[in-house]
Amino acid sequence: MRPLWKSVDLAALRHNVRVLATQAGAAQVVAVVKADAYGHGVAALLPVLREMPCFAVACMEEALALRALGLTQPVLLLEGVFAADELDVCAAEGFEPWLHDGRQLAWYRHAVAKPACWLKVDSGMHRLGFAPSEVPQAVAALQGLPCRGLATHFACADEADLSHAEAQWCAFDALPLPPGWLRTAANSAALFALPQARADWVRPGLALYGMSPFADRTAADLGLRPVLGLHSAVLATHFLARGEGAGYGCGFVAAEDGYLATIALGYGDGFPRAIASGAVRVRIGAATFPLVGRVAMDMALVWLGREALPVGSPVLVFGDVHPVEVVAAQAGTIPYTLTTMLSPRVHTVVKNG
Ligand SMILES: *Cc1c(COP(=O)(O)O)cnc(C)c1O
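Everything numeric in this text was worked out from a predicted model, so none of it was measured.

### Digging into the site of the ligand
Then, number 1: Taken together, 13 residues lie near the ligand, and K34, Y38, S188, L206 and Y336 sit nearest.
Then, number 2: Side-chain polar atom of R203 to a nitrogen atom of the ligand: 3.0 Å apart, as the coordinates give it.
Then, number 3: G205 is positioned such that a nitrogen or oxygen atom in its backbone is 2.9 Å from an oxygen atom of the ligand.
Then, number 4: If the ligand stood free it would expose 390 Å²; the protein chains cover 92% of that surface.
Then, number 5: Looking at the shell around the ligand, its residues break down into seven nonpolar, four polar and two charged.

Rendered as structure tokens:
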């Protein structure tokens, strides 16, 4: 078996669920599991996800995949439906589409079988949703229909300056709410940074998987434990004399004599190719070493300097003591992408099941 695998720690996930439930107070925690649970793999997380009250995904196809795995809880469809006939499936399966425009609202009003739905409000992110000024009319159109409530999403709740997020919350909070309707607003960042926005249901994704949405606070600072680790191994080592190049385009040239390791990790595994040589560090034993040269489809190069490590030495690409948030910053991206992009070629090992 090719030595590139992701470890998925169910004890860490269970721990995070408890932390988020405490943080949520009286609000219900909706587990956001879009993009196959941010690349962790819904199937691998099943023993813990089975205990969650509700899920959120981007679209009906993802919701059907949850049903195929035997999950029977309500599933919020954050982008709603893409055609009127999907509403029949939603009604039959217990999916709750968000309605974000007049087209979706009309489909819903004309649907024979109506699933529970949510009205999506654009409180300031300007991606999807009814403007606050349009909400009263949309609410009136849903009178007597099984709409659960109002939903919105924050653009800047992870930033040090919370003024935009606070303005979004104020716009959302000011909307008149029909009796019995619920409200949901908070993602991971808002759940921690904007307690007033917890409302009835909170929707953490990133934090559930033990990653911090904040640049200045680690997951450990938030009491969270990383669920995913990406593990590789040394496939070969070479001694390079100063001035010798390695990899495609000789993208790395040794500045001094030393050892270069080839590890199993490539863009065919979903690892980004567009990283600067030397910027990203991997952990081997107790030390970190730079990824150098160009990331290829199946392999990447690690400069070991004076250390001649044996073939087979384990390499931690990220996870646990080498947090994905740190590696993402080195790679010029965000932790969401490093986990979500992992391809099916990466094996999964479930820990603490
Ligand atoms: C992805 C998403 C979330 C979860 O966001 P995190 O930052 O991962 O917590 C919540 N709500 C909506 C509408 C989303 O699209």
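### Here's the deal with the side chain of S232
Then, number 1: Structurally, S232 is set in strand β11 (residues 228-240).
Then, number 2: For S232, a relative accessible area of 1% puts it in the buried group.
Then, number 3: Polar contacts involving the side chain of S232 include one to the main-chain carbonyl oxygen of A264, which spans 2.5 Å.
Then, number 4: The contact partners of S232, leaving out residues within four places of it in the chain, are P3, L4, I263, A264, S313, P314, V315 and V317.

### Remarks on the packing of aromatic side chains
Then, number 1: Applying the stated criterion across every chain, the model contains six aromatic pairs.
Then, number 2: Ring plane angle 70° and centroid distance 5.3 Å describe the contact between F239 and Y259, whose orientation is recorded as edge-to-face. Of the two residues, F239 is situated in strand β11 and Y259 in strand β14 (residues 258-264); the sequence distance between them amounts to 20 residues.
Then, number 3: For F239, a relative accessible area of 47% translates into the label partly exposed.
Then, number 4: Each member of the aromatic cluster is reached from another via a ring pair, and the members are Y38, Y209 and Y336.
Then, number 5: Residue placement shows R217 over the ring face of F214; its charged tip is 4.2 Å from the ring centre.

### Description of the environment of A167
Then, number 1: Its location among the elements puts A167 in helix α8 (residues 163-173).
Then, number 2: Sequence separation of A167 and G353 is 186 residues, and the distance between their C-alpha atoms is 42 Å.

### Digging into the nonpolar core
Across soluble globular proteins, you tend to see nonpolar side chains buried next to one another.
Then, number 1: Ranked by size, the top nonpolar core spans 116 residues in total, and within it V33, L119 and L291 carry the most contacts.
Then, number 2: Not counting the four nearest positions on each side in its chain, L119 is found in contact with L99, F130, V135, A138, V139, L142, C147, G149, L150 and A151.
Then, number 3: Membership of the second largest hydrophobic core comes to eight residues, among which are A246, A254, L260 and L301.

### A word on the pattern of salt bridges
Then, number 1: For the coordinates displayed, the defined rule picks out six salt bridges.
Then, number 2: As a salt-bridge pair, R148 and E96 come within 2.7 Å of each other at their nearest N and O atoms. Taken together, the residues span a long stretch of sequence, with R148 in strand β8 (residues 147-151) and E96 in strand β6 (residues 95-99) at a distance of 52 residues.
Then, number 3: Relative accessible area serves as the criterion here: at 28%, R148 is assigned to the partly exposed category.
Then, number 4: The partner of R345 in a salt bridge is D269, with the nearest N and O atoms 2.9 Å apart. With R345 in the loop between α11 (335-340) and β19 (347-351) and D269 in the loop between β14 and β15 (281-284), this pair connects stretches of sequence that are 76 residues apart.
Then, number 5: Residue classification places R345 among the partly exposed residues on the basis of a relative accessible area of 34%.
Then, number 6: Exposure remark for D269: the relative accessible area of 1% places this residue in the buried category.
Then, number 7: Each of the salt bridges in this network shares a partner with another, and the network as a whole consists of R2, D269, D298 and R345.

Calculation rules
Residues numbered from 1 in each chain as written. Predicted model: local features only at pLDDT ≥ 70, side-chain atom pairs only at ≥ 80, totals over all residues. Heavy atoms only, no water. Near = heavy atom within 4 Å. Polar contact = N/O pair within 3.5 Å; in protein donor to acceptor, adjacent residues only side chain to side chain. Areas by Shrake-Rupley, 256 points an atom, 1.4 Å probe, with all protein chains shown as cover. Nonpolar A, V, L, I, M, F, W, Y, C, P; charged D, E, K, R; others polar. Helix = DSSP H or I, 4+ residues; strand = E, 2+ residues; numbered from the N terminus. Buried < 20%, exposed > 50% of the residue type's maximum accessible area, 1.4 Å probe, protein only. Contact = heavy atoms within 4.5 Å. Phe/Tyr/Trp six-rings, centres within 6.5 Å; stacked < 30°, edge-to-face > 60°. Lys NZ or Arg CZ within 6 Å of the ring centre and 35° of its normal. Core = buried A, V, L, I, M, F, W, Y, C linked by side-chain atoms within 4.5 Å. Salt bridge = Lys/Arg side-chain N within 4 Å of Asp/Glu carboxyl O.

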